[in-house]
There are 2 protein chains.
Amino acid sequence: MPVWFMRQAGRALPEYRLAKGSLSILDAVKDPSLVAELTVQPVRRYGVDAAILFSDIVVPLAAVGLDIRIVPSKGPVLDEPFASEKDLDRLRPLVPGEDLPCLADSVGETIRALSGVPLIGFAGAPFTLACYLVEGGASRDFSATRALLHRAPHVFAELLDRLAGIVLEYLSVQVEAGVHAVQLFDSWVGVLSPYDYAKAVLPATRRVFDDLAARYPSVPRVMFGVGTGELLRLLTSTGASVVGVDWRVPLDEARRRIGPHYAIQGNLDPAACLAPWPVVAEEARRILYQAGSAPGHVFNLGHGVLPGTDPGILAELVSLVHSEGRAGLAGPEQA
Amino acid sequence: MPVWFMRQAGRALPEYRLAKGSLSILDAVKDPSLVAELTVQPVRRYGVDAAILFSDIVVPLAAVGLDIRIVPSKGPVLDEPFASEKDLDRLRPLVPGEDLPCLADSVGETIRALSGVPLIGFAGAPFTLACYLVEGGASRDFSATRALLHRAPHVFAELLDRLAGIVLEYLSVQVEAGVHAVQLFDSWVGVLSPYDYAKAVLPATRRVFDDLAARYPSVPRVMFGVGTGELLRLLTSTGASVVGVDWRVPLDEARRRIGPHYAIQGNLDPAACLAPWPVVAEEARRILYQAGSAPGHVFNLGHGVLPGTDPGILAELVSLVHSEGRAGLAGPEQA
């Protein structure tokens, strides 16, 4: 059974901190050799079955000229958040060759360095990018974004549509340069009700995946968000081929909601990986059991690796999934 | 149909800011006249059918001597978070008469000021209180608390059990002084999987409600948390008589999960209340429709009133629920 981790490089590995030094992520992504090194590190360390391109969710926003920066221990910050129709003028289309001159080289150099391990392309989804623009940074409940959705639906729709265009170009460069799959991070979309999601977010998300599927039909498309229990069924309408599930929804229940026609990725609680190995092993085995013996499960954490996670634990976890997951574990009694 | 709002006084009303001035909430709750005034204000302003005692979730923690304070625009802060077994020594039982000398007076004075409008007692649930102690403040995903649950289950269980004792005493004073119902805010419990909730949180929560039900069987018990879609069924096992639902789960789906034997409270998105009135009215009518014509629905927002909400909108909302909810609205065509 395949396994990889989200945010598998950043913050948890000492060699990551050593290689990146004090460089801002937005500068680090401009150096193809550094991107390749940071992307490959977790593959070396954990033996995971896929790498994910080292990047940050706001890279394409900075690339179209927005004054967005990443503040340590705070995340992305935009000093003048989007609030009304006139802010849409600040969001021009992405011109890949000009705006992201190193992206294709980074992907190419990374693929060479990976010597055959598949590379997953990376982008934030339109809604989650909109969250950062409207909130001006991280938030617990993204209430300003939800409020914009309700009070100015046309502005909200236009904002998401423009972001969809940017995301599509950003992912297309990655696919043209050779990534083997793409994952769209709609990390914060779980703050929405299914009704609001279907009405206000799904169209722009689907535009990204449908256009990508039209251009590159053979490239798998993974959709991921946190707290999306109520949205799982709708996420299968985005054009995704794989649906990520966080740790809140038991994997057997997630399968019922998602149906048999999509692969499922997940869903170990990243916080459980801060516990001693026997606890982590038990949690992992429960997930293998809930996934059942049918194919179409990609083992992953329910969200990114937390700072402070022992890399040795993650390496053991990969071994366990490879040995017990591949054996077609059907019940906990076999563990 | 009855309607009230969570966090209905704080922050949204100018008369609240005028009456409270620059007093910290932890000082404000020590003045029975002020508590009565702040509790009554939203009833005057909106015409809601119930008041909720003005308080803060960390009041009983400060009352047992923890050095916890409330920092404006940040929330509760505890400089030395709980991390291990020895921290349990910092958590002694609550001695109501000594530790909260004004609480009974506050409740009594508030009930007199309310002239017949029911008063709901207020407490944080053991898990959500533990979140503040373990994180040392607010958090987006409460990963330190989830990690403690996994890496030190016995410490976690003992922590929740001690908090259950504190919460039980805190609520008992309120009931003895005359509150007509109680609501337990397990605001952040939605970060847990059903399995972890059932194993590590439910026992302490049930202890609070079971002991309260044994002492005061006729006092309704409301359980509320955010993002609890996966937990709704389990929340009916807490001993609650009413289950609150945030805006993420459609009310008809919530009813399916909760079953017919509990009242349901919710669930308008507070962010929708920042939109113009026609939008709010449409959202409210959709919820009345989803609630159906069966009894047992208490209209509320899916979480607290957001700062910046126009009080006039909330007053109109109360009127709409009173007129259309009482008429037994059965479908949107009647709206």
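Note that this is a predicted model, so its numbers are computed, not measured.

A. Fine view of the packing of aromatic side chains. This model, assessed by the stated rule, comprises 12 aromatic pairs over all chains. Chaining the aromatic ring pairs together yields one cluster made of Phe122, Phe185 and Phe224 of chain A. It is Arg146 of chain A that lies over the ring of Trp247 of chain B; its NZ or CZ is 3.9 Å from the centre.

B. Quick look at the pairing of strand β9 (residues 297-301) of chain B. Residue and element names in this part refer to chain B. In terms of residue burial, β9 counts as a mostly covered element, since five of its five residues are buried. Where strand β8 (residues 263-268) and β9 come together, five bridges link them in parallel fashion. The residue of β9 that forms the bridge with Leu268 is Leu301. Note on the crossover from β8 through helix α14 (residues 277-291) to β9: the handedness is right-handed.

C. Geometry of the interface of chain B and chain A. Counting residues at the interface gives 38 residues for chain B, matched by 38 residues for chain A. The junction of chain B with chain A conceals about 3,000 Å² of combined surface from both sides, 52% of it contributed by carbon and sulfur atoms. Considering only the side of chain B, the residues that lose the most area to chain A are Arg140, His150 and Arg248 of chain B, jointly responsible for 22% of the buried surface there. Between Glu230 of chain B and Arg257 of chain A there is a salt bridge, and its shortest N-O distance comes to 2.9 Å. Viewed at the interface, chain A and chain B are joined by eight residue pairs in polar contact (both at pLDDT 80 or more). Mapped by element, the contributors of at least two residues to the side of chain B that touches chain A are α8 (143-151), α10 (194-200) and α14 of chain B.

D. Inspection of the nonpolar core at higher detail. Of all hydrophobic cores here, the largest spans 122 residues; its most connected members are Phe5, Leu159, Phe299 and Leu317 of chain A. Considering every element that reaches this core, the biggest residue donor is helix α9 (residues 153-176) of chain A, with 13 residues. The contact partners of Phe5 of chain A, leaving out residues within four places of it in the chain, are Tyr46, Val48, Asn300, Leu301, Val305, Leu314, Leu317 and Val318 of chain A. Judged by nonpolar contacts, the second largest core, of 121 residues, contains Phe5, Val245, Ile313 and Leu320 of chain B.

E. Geometry of the relation of the copies chain B and chain A. Structural alignment of chain B on chain A gives an RMSD of 0.0 Å, achieved by rotating through 180° and translating 0.0 Å along the axis. Both copies are brought into coincidence by an operation consistent with a two-fold rotation axis. No C-alpha of chain B lies nearer the rotation axis than that of Arg140 of chain B, which sits 2.6 Å from it. Same-surface contact between copies: 100% of interface residues of chain B are shared with the interface of chain A.

F. Expanded view of the sheet that holds strand β9 (residues 297-301) of chain A. All names here are of chain A. With respect to topology, seven strands assemble into an open sheet ordered β1-β4-β5-β6-β7-β8-β9, the strand pairing being parallel. Each edge of the sheet is formed by a strand with only one pairing partner; in this case those strands are β1 (51-52) and β9. In the sheet, strand β5 (residues 181-185) pairs with strand β6 (residues 221-224) via four bridges, with the strands oriented parallel. Bridging across to β6, Leu184 finds its partner in Met223.

G. Geometry of unusual backbone geometry. Omega for the peptide link from Gly266 of chain A to Asn267 of chain A comes to -15°, which places this bond in the cis form. With respect to the helices, strands and loops of the structure, Asn267 of chain A is situated in strand β8 (residues 263-268). A positive phi angle, close to 50°, is found at Phe142 of chain A, a residue other than glycine. Relative to the elements of secondary structure, Phe142 of chain A occurs in the loop between α7 (126-135) and α8 (143-151). Although it is not a glycine, Ser73 of chain B adopts a positive phi angle of roughly 60°. Residue placement: Ser73 of chain B occurs in the loop between β2 (68-71) and β3 (75-78).

About the thresholds
Note that residues are indexed from 1 along each chain, following the sequence as it is written. For naming, the first written chain is A and the first written ligand is 1, with later ones following in the order written. Two thresholds apply to this predicted model, a pLDDT of at least 70 for residue-level local features and 80 or more for giving and counting side-chain atom pairs, whereas whole-chain, interface and lining totals are computed over all residues. To get the side-chain values, all heavy atoms of the structure are used, and hydrogens and water are removed first. Centres within 6.5 Å are what make two rings of Phe, Tyr or Trp a pair, Trp counting through its six-membered ring; a difference in plane orientation under 30 degrees is then read as stacked, over 60 as edge-to-face, and the rest as tilted. Both a distance and an angle decide whether a charge sits over a ring: NZ of Lys or CZ of Arg must be within 6 Å of the ring centre and within 35 degrees of the ring normal. For every residue, the accessible area obtained with a 1.4 Å probe (protein chains only) is divided by the maximum for its type, and the residue is called buried under 20%, exposed over 50%, and partly exposed between those limits. Only runs of H or I of at least four residues qualify as helices and only runs of E of at least two qualify as strands under DSSP, and these elements are numbered from the N terminus. Any two strands are treated as partners once DSSP identifies two or more bridges connecting them. Orient the strands so they point away from the viewer, and a crossover whose first-strand-to-second-strand path over the helix runs clockwise is right-handed. Whether two residues are in contact is decided by their heavy atoms, any of which lying within 4.5 Å being enough. Accessible surface is computed with a 1.4 Å probe, and the buried area is the amount of it that two parts give up when combined, taken over both parts together. Every case where a carboxyl oxygen of Asp or Glu lies within 4 Å of a side-chain nitrogen of Lys or Arg is listed as a salt bridge. A 3.5 Å cut-off defines polar contacts: any pair of N or O atoms within that distance qualifies, except that in protein one atom must be a possible hydrogen donor and the other a possible acceptor, and neighbouring residues in sequence count only when both atoms are side-chain atoms. In this description, a nonpolar core means a group of buried Ala, Val, Leu, Ile, Met, Phe, Trp, Tyr and Cys residues linked to one another through side-chain atoms lying within 4.5 Å. When the copies are superposed, the least-squares fit takes in the C-alpha atoms of residues with a pLDDT of at least 70 in both.

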